[in-house]
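Residues per chain, in single letters:
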Amino acid sequence: MADKAQIQEAIKTQGEVVRKLKAEKASKEQIDEEVAKLLELKVQLGGDEGRHQFTLKTAKGTRDYNPKQMAIREKVFNTIISCFKRHGAENIDTPVFELKETLTGKYGEDSKLIYDLKDQGGELLSLRYDLTVPFARYLAMNKVTNIKRYHIAKVYRRDNPAMTRGRYREFYQCDFDIAGQYDPMIPDAECLKIVHEILSELELGDFRIKVNDRRILDGMFAVCGVPDDKFRTICSTVDKLDKVSWEDVRSEMVKEKGLSEEAADQIGQYVSLQGGMDLAERLLQDAKMSQSKQACAGLTDMKQLFSYLQLFQVTDKVVFDLSLARGLDYYTGVIYEAILTQTGPVPVAAAQNGAGEKAEEGVSVGSVAGGGRYDGLVGMFDPKGRKVPCVGVSIGIERVFSIMEQKAEASAEKVRTTETQVMVASAQKNLLEERLRLTAELWNAGIKAEVMYKKNPKLLSQLQHCEDSGIPLVAILGEQELKDGVVKLRTVHSREEIDVSRDKLVEEIKRRTSDV
């Protein structure tokens, strides 16, 4: 039939697309995407004898993580969590879905990306879009007025995924927030210090942390002639400046948002400014900006922030940038975003991670952290409107993973996927019971040990397993060792062997693997 012939033709064409991508050594994500299309076409064709076929693929915008990727992920999480704990944070968790009304109206133009769930019996629910709004709901519901907390969990966005650039529909967020009434800019400065520490420890490359303030932005919009009701929508447009040119942003403001050309041009003069404490001082003297009380309050706080950042020794990476807008509706004060930069040409790996957006120094590889102050969000949930001032930061963990994975691929260093310290092996037959007995002794002493699940495995295959898995030590049993009450302890990479008495074995393994 004609339909079948058309599908067969489409399969042939799609097969050629896949082969071409493989020949060109395209990214794994690109190839996977085209293979998924090919499989879908094959399903349409139907299987042998009408047998039902289904497509083996993950849902759009999601991915599996293999053991190597999970090992890298765990290392990143450990670095981030130890930083959060160093700064005295507690840990909380909230449900993966919230009442739909909890999330509605908090995200501006991004609200269309919220995943709504089918009504399951009386409650309209949505998957959480971020961890900040659930945190504000948690504070209001439990009447918590001050807490320093971190939360690492998955969030969901019905976005058009660009998986090659570390953007997904399901992804982790790592949030650190300080809630409570404190003196201005001290918690805000600590959040920026945390970003600086994490990005430095992960060794992702050079980075910059851009800071601005919603009050400065709103004051700037006001003195440039933006009508009050257009503040948020113009803010969302300015937020695109890190991705598109000023000409495109200006065009959207004028043609789509209905802003006057004069107002757009005045905004253009300000959003090109970058600096530090000196820029804040200059703008306080600016004829236009000084007319806005709101802007002056923001600029005074910005000066204060930079004085604390100097004490924290992080001003080398922080820049006051008037183009930074951050589109979310709930920010009320300081806002910030960290971007990775690198000088020189962009390697292919970076280009696949959203690189190529021009930055002044080097090349921007994209945002890896962002946050700000949101003093009004908790009050939206409190029945009496009581406000709890909050400031926080979110680490863009998926992009960090993408970069770390590429670094691991590029380096020859082997990523260990287990933490096994020792393999219990035998050189002769009929020693399974002795191997199991020794393995149990090691486990009971807290040693990470493995044993091969065969009665009489060959010594060579046991040693090969250690080589492949990166297990550093082998405890070898034989008839003679059992008679002498010793174990032959072999160091895998140097192949050195020594006899260790059975009662000293645990101590010796711990000593040799203390740095593993």
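Residues numbered from 1 in each chain as written. Predicted model: local features only at pLDDT ≥ 70, side-chain atom pairs only at ≥ 80, totals over all residues. Heavy atoms only, no water.

(A) Expanded view of the overall build of the protein. Summing up its helical and strand segments, the protein has 19 helices and 17 strands in all. If you line up the protein on its principal axes, its C-alpha atoms span 90 × 75 × 55 Å. Burial statistics for the protein: of 516 residues in total, 47% are counted as buried. Taking contacts inside the protein between residues at least 6 apart in sequence as the whole, the part at least 24 apart equals 68%. Accessible surface computed for the protein: about 26600 Å², of which carbon and sulfur atoms make up 50%. Each charge class in the protein can be summarised by its mean position, and for the 76 positive and 81 negative side chains these summaries are 3 Å apart. (Helix = DSSP H or I, 4+ residues; strand = E, 2+ residues; numbered from the N terminus. Buried < 20%, exposed > 50% of the residue type's maximum accessible area, 1.4 Å probe, protein only. Contact = heavy atoms within 4.5 Å. Areas by Shrake-Rupley, 256 points an atom, 1.4 Å probe, with all protein chains shown as cover. Lys, Arg positive; Asp, Glu negative; His and termini not counted. Charge placed at Lys NZ, Arg CZ, Asp CG, Glu CD.)

(B) Layout of the sheet that holds strand S16 (residues 486-491). Ordered in space as S14-S13-S15-S16-S17, the 5 strands form an open sheet in which the pairing is mixed. Edge strands, defined here as strands with exactly one partner in the open sheet, are strand S14 (449-451) and strand S17 (497-501). On average, each strand axis in the sheet is tilted by 30° relative to the strand beside it, whichever way the strands run. Of the strand pairs in this sheet, strand S15 (residues 473-477) and S16 are connected by 4 bridges, and their pairing is antiparallel. (Pairing = 2+ DSSP bridges. Axes fitted to C-alpha atoms, helices over the stretch in contact; angles between N-to-C directions.)

(C) Focus on the pairing of S16. The element S16 is extensively covered by neighbouring structure, given that 5 of its 6 residues are classed as buried. In this sheet, S17 lies alongside S16 in antiparallel orientation, the contact comprising 5 bridges. Across the sheet, the residue bridging to Lys488 is Asp499, located in S17. The turn linking S16 back onto S17 is made up of 5 residues, and Arg495 within it adopts a positive phi angle of 65°.

(D) Highlighting empty space enclosed by the protein. Tallied over the full model, the rule gives 1 cavity of 30 Å³ or more. Its volume calculated, the largest cavity comes out at about 40 Å³. Contributing to the lining of the largest cavity are Thr62, Arg63, Tyr65, Arg73, Lys154, Glu170, Phe171, Tyr172 and Glu398. Classifying every residue of the lining of the largest cavity gives 3 nonpolar, 1 polar and 5 charged. (1 Å grid on protein atoms, 1.4 Å probe; cavity = no way out; pocket = protein on both sides within 12 Å on 5 of 7 lines; lining within 4 Å. Points joined across faces, edges and corners; volume = space filled by probe spheres on them. Nonpolar A, V, L, I, M, F, W, Y, C, P; charged D, E, K, R; others polar.)

(E) Local environment of helix H10 (residues 261-271). Of all the positions in H10, only Ala263, Ala264, Ile267, Gly268, Tyr270 and Val271 are classed as buried. Along the long axis of H10, the arc covered by the buried residues comes to 165°, so they all point the same way. Residues of H10 that are exposed and point over 90 degrees away from its buried face: Glu262 and Gln269. The inward-facing, buried residues of H10 contact helix H7 (214-223), helix H8 (231-238), helix H9 (246-256), helix H11 (277-284) and strand S8 (318-321). (Arc of directions from axis to C-beta.)

(F) Local environment of the domain arrangement of the protein. Along its sequence, the protein is organised into domain 1 (4-50), domain 2 (60-206 + 341-417), domain 3 (209-333) and domain 4 (422-512). Centre-to-centre separation of domain 1 and domain 3, based on C-alpha positions: 48 Å. (Domains from an automatic or database assignment.)

(G) A look at the environment of Thr62. Relative to the helices and strands, Thr62 is located in the loop between helix H2 (28-45) and helix H3 (67-86). Separated by 83 residues in the primary sequence, Thr62 and Thr145 place their C-alpha atoms 36 Å from one another. Here the side chain of Thr62 touches Ala59 through a polar contact of 2.6 Å, landing on its backbone oxygen. (Polar contact = N/O pair within 3.5 Å; in protein donor to acceptor, adjacent residues only side chain to side chain.)

(H) Spotlight on the pattern of salt bridges. Enumeration over the complete set of coordinates arrives at 35 salt bridges. Glu170 serves as the salt-bridge partner of Lys154, at 3.5 Å between the closest nitrogen and oxygen. Highlighted residues: Lys154 in strand S4 (residues 147-156) and Glu170 in strand S5 (residues 170-179), separated in sequence by 16 residues. Sharing partners across several salt bridges, the network here consists of Arg86, Lys193, Glu197 and Glu201. (Salt bridge = Lys/Arg side-chain N within 4 Å of Asp/Glu carboxyl O.)

(I) A look at the nonpolar core. If you look at the biggest cluster of nonpolar residues, it comprises 98 residues, and the most contacted ones within it are Phe84, Met220, Phe221, Ile267 and Phe320. With 8 residues, helix H6 (residues 186-202) is the single largest residue contributor to this core. A domain-level breakdown of this core finds at least three residues from each of domain 2 (60-206 + 341-417) and domain 3 (209-333). Contact partners of Ile267, with chain neighbours within four places excluded, come to Met220, Phe221, Cys224, Val226, Ile234, Trp246, Met253 and Leu259. Counting residues in hydrophobic clusters, the runner-up holds 14 residues, among them Val422, Ala449, Ala475 and Leu505. (Core = buried A, V, L, I, M, F, W, Y, C linked by side-chain atoms within 4.5 Å.)

(J) Structural view of H8. The buried count for H8 comes to 6 of 8 residues, which makes it a mostly enclosed element. Turning to H8, its buried residues are Phe231, Ile234, Cys235, Ser236, Thr237 and Val238. Among the structural elements, H7, H9 and H10 are those in contact with the buried residues of H8.

(K) How the structure looks around the packing of H8 against H9. Orientation of H8 relative to H9, taken along the N-to-C sense of each, is 160°, at an axis distance of 9 Å. Put simply, H8 runs roughly antiparallel to H9. Remark: the crossing between H8 and H9 carries right-handed chirality. Contacts between H8 and H9 involve Ile234, Thr237 and Val238 on the former and, on the latter, Val249, Glu252 and Met253. Across the contact of H8 with H9, the residue classes tally to 4 nonpolar, 1 polar and 1 charged. (Parallel < 35°, antiparallel > 145°, perpendicular 65-115°, else oblique. Left-handed = near helix turned anticlockwise from the far one by under 90°.)

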